[in-house]
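Examining the three-dimensional arrangement
The residues making up each chain are set out below.
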Amino acid sequence: MAKRRVGFCLSDKKRKRMNLTAFADLCGHRGIEVVEIDLCRPMASQGPFDVIVHKLSDVIVEAEHDSQSQHLLANFQEYVSTHPDTVLLDPLPAMTQLLDRFASYRIMNKLQNSLRDRCVCSPPYLEINTSDQSAIREAVERKQLTYPLICKTRVAHGSRSHEMSLIFSPAGLSDARLPCVLQSFVNHGAVLHKVFVVGEAHFTVERPSLKNFPLGPCDRKTIFFNSHEVSKPESCSHLTALDEKTPRLPPPSEDVMVALVRELRAELGMALFGVDVIVNIDTRTLTIIDINIFPGYEGVPQFFSSLLSHIESVLEHRGTVPPPRSPAALPHQAVL
Ligand SMILES: Nc1ncnc2c1ncn2[C@@H]1O[C@H](COP(=O)(O)OP(=O)(O)OP(=O)(O)O)[C@@H](O)[C@H]1O
Ligand SMILES: O=P(O)(O)O[C@H]1[C@H](O)[C@H](O)[C@H](OP(=O)(O)O)[C@@H](OP(=O)(O)O)[C@@H]1O
Ligand SMILES: [Mg+2]
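In this text the structure is predicted, and so the values were computed from the model without any measurement.

Quick look at the nonpolar core now. Judged by nonpolar contacts, the single largest core of 47 residues is most densely connected at L56, F76, L260 and L264. Counting only elements with at least two residues in this core, the list comes to α3 (57-62), α4 (67-82), α5 (92-97), α6 (101-114), β10 (191-198), α9 (254-268), β13 (272-279) and β14 (286-293). No other element matches α9, which puts seven residues into this core. Viewed by domain, this core spans two of them, domain 1 (4-89) and domain 2 (97-297), each represented by three or more residues. When neighbours within four sequence positions are excluded, L264 is seen to be in contact with I107, L111, G269, F273, V275 and I291. The next biggest cluster of nonpolar side chains, apart from the first, holds 27 residues, and it includes L10, L20, L89 and F203.

See below:
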């Protein structure tokens, strides 16, 4: 059998962190050649590719305002459109939508309807495009968001996207930088459950997380933080410290996680994604707070073998599996 060729298109940071060289060695033993794609050169001369694994978030976000990134993205899109037999992991439209928290939060909101009987929810949230403080306050009331609120940038990728804030009162709403989402903060005992999905497999890893805060508005200054100070394996800050009295909650039930991942796979039409889940300490409801494209899979030793299995499955079933659904039109969320 001719060698199957799998192209990878990753940022330098991600390629190094993933140790693509080691993955290429593993694939080599299974007759699969891993090729690092150089977007600065015509892709056609680097192909052909049976599968392309990519995370073009940097390029997509920068293409909004940078001509060089627009050229790189056009090079990629040109190849993809003229090589329909090449399987993308994952489809570009599906990944692009998750770079916008307005889109990903509509998906989380929609998901809770299909998983309502599973006690899965996502916190009430608002898309904020206006600096009109009275309109924002009114919308917080109308959509029944509860303080503290967590404020996250609309753009869900890149260093700026992890700059967040905790807002404790209506007076703090003026600290929200537009465009952003405001999401009700849910007390969850400073434990985050990161679910990493690779094709039909998923793995759950526990991570540090924001500590509990008194619910309801209070006269406290807005707290600004970076999510990577809070929920990386080594994160340890005054924001994640748990007091000893806080009882440790049981982990989410596996069959609920299986149902959640199944729904998300169908909704996203993706194979490589992460979903961040917390358990509400009061209601014990499993609460979805974030979806990530092609995350780091840190703490998942099975990542390489699962990725290789998925690629082999894709190669075996190529042409037989219906193309993934393109992002469905989502109910429009009240945008301020
Ligand atoms: N609604 C919420 N209620 C309670 N804690 C939250 C909520 N949303 C986020 N957090 C806390 O903030 C952290 C970062 O939130 P989120 O995952 O949305 O940010 P991110 O920058 O997209 O993270 P990632 O590293 O996954 O890309 C979470 O890990 C969790 O500790
Ligand atoms: O700890 P994880 O795997 O969640 O860290 C991810 C993080 O969730 C985001 O997905 C990052 O992507 P960006 O938001 O695009 O920065 C990942 O960075 P990457 O360079 O690995 O893609 C983190 O690994
Ligand atoms: Mg997250």
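So, about the site of ligand 2. Close to ligand 2 lie 17 residues; R17, K55, H157, K194 and K232 are nearest. Separating an oxygen atom of ligand 2 from a side-chain N or O atom of K55 is a distance of 2.5 Å. H162 places a side-chain nitrogen or oxygen 3.3 Å from an oxygen atom of ligand 2. A per-element tally of the shell around ligand 2 places helix α1 (residues 12-18) first, with three residues. Counted by class, the shell around ligand 2 contains five nonpolar, five polar and seven charged residues. A domain split of the shell around ligand 2 shows at least three residues from each of domain 1 (4-89) and domain 2 (97-297).

Let's shift gears to the packing of aromatic side chains. Inspection of every chain in the model, using the stated rule, returns ten aromatic pairs. On the numbers, 6.3 Å between centres and 70° between planes, the contact of F294 with Y297 is edge-to-face. The exposure class assigned to Y297 is buried, which follows from its relative accessible area of 3%. Here Y297 and F303 contribute two aromatic rings whose centre-to-centre distance is 4.1 Å and whose plane-to-plane angle is 5°, an arrangement assigned as stacked.

Further remarks concern helix α10 (residues 303-316). Since the α-helix advances by 3.6 residues per turn, residues separated by three or four positions end up pointing in the same direction. Taking 1.5 Å as the rise per residue, α10 with 14 residues should run 20 Å; its terminal C-alpha atoms sit 20 Å apart, in good agreement. Regarding α10, the residues found buried are F303, S306, L307, L308, H310, I311, E312, V314 and L315.

Cut-offs and rules
What you see as residue numbers is a count from 1 along each chain, following the sequence as written. Throughout, the order in which chains and ligands are written sets their labels, letters from A for the former and numbers from 1 for the latter. Selection of residues for local features in this predicted model requires a pLDDT of at least 70, selection of side-chain atom pairs for listing and counting requires 80 or more, and totals for whole chains, interfaces and linings are taken over all residues. Side-chain metrics rest on all non-hydrogen atoms present in the structure, leaving aside hydrogens and water. Throughout this description, the term nonpolar core refers to a set of buried Ala, Val, Leu, Ile, Met, Phe, Trp, Tyr and Cys residues connected via side-chain atoms within 4.5 Å. The buried label goes to any residue with under 20% of its type's maximum accessible area, the exposed label to any with over 50%, and the partly exposed label to all in between, with areas taken from a 1.4 Å probe on protein chains only. Under the scheme used here, helices are H or I runs from DSSP no shorter than 4 residues and strands are E runs no shorter than 2 residues, and both carry numbers assigned from the N terminus. What counts as a domain boundary in this text is fixed by an automatic or database domain assignment. It only takes one pair of heavy atoms within 4.5 Å for two residues to be counted as in contact. Nearness here has a simple test: a residue counts as near a molecule or strand if at least one of its heavy atoms is within 4 Å of that partner. Any pair of N or O atoms that falls within 3.5 Å is considered a polar contact. Within protein, one atom must be able to donate a hydrogen and the other to accept it, and sequence-neighbouring residues count only if both atoms are side-chain atoms. Side-chain classes follow a simple rule in which Ala, Val, Leu, Ile, Met, Phe, Trp, Tyr, Cys and Pro form the nonpolar group, Asp, Glu, Lys and Arg form the charged group, and the remainder, Gly included, forms the polar group. Within 6.5 Å between ring centres, the rings of Phe, Tyr and Trp (the latter by its six-membered ring) count as paired, and their orientation is classed by plane angle as stacked under 30 degrees, edge-to-face over 60, tilted in between. A helix's residues, less one, multiplied by 1.5 Å, set its expected span.

Purely geometric stuff here, so don't read any function into it on its own.
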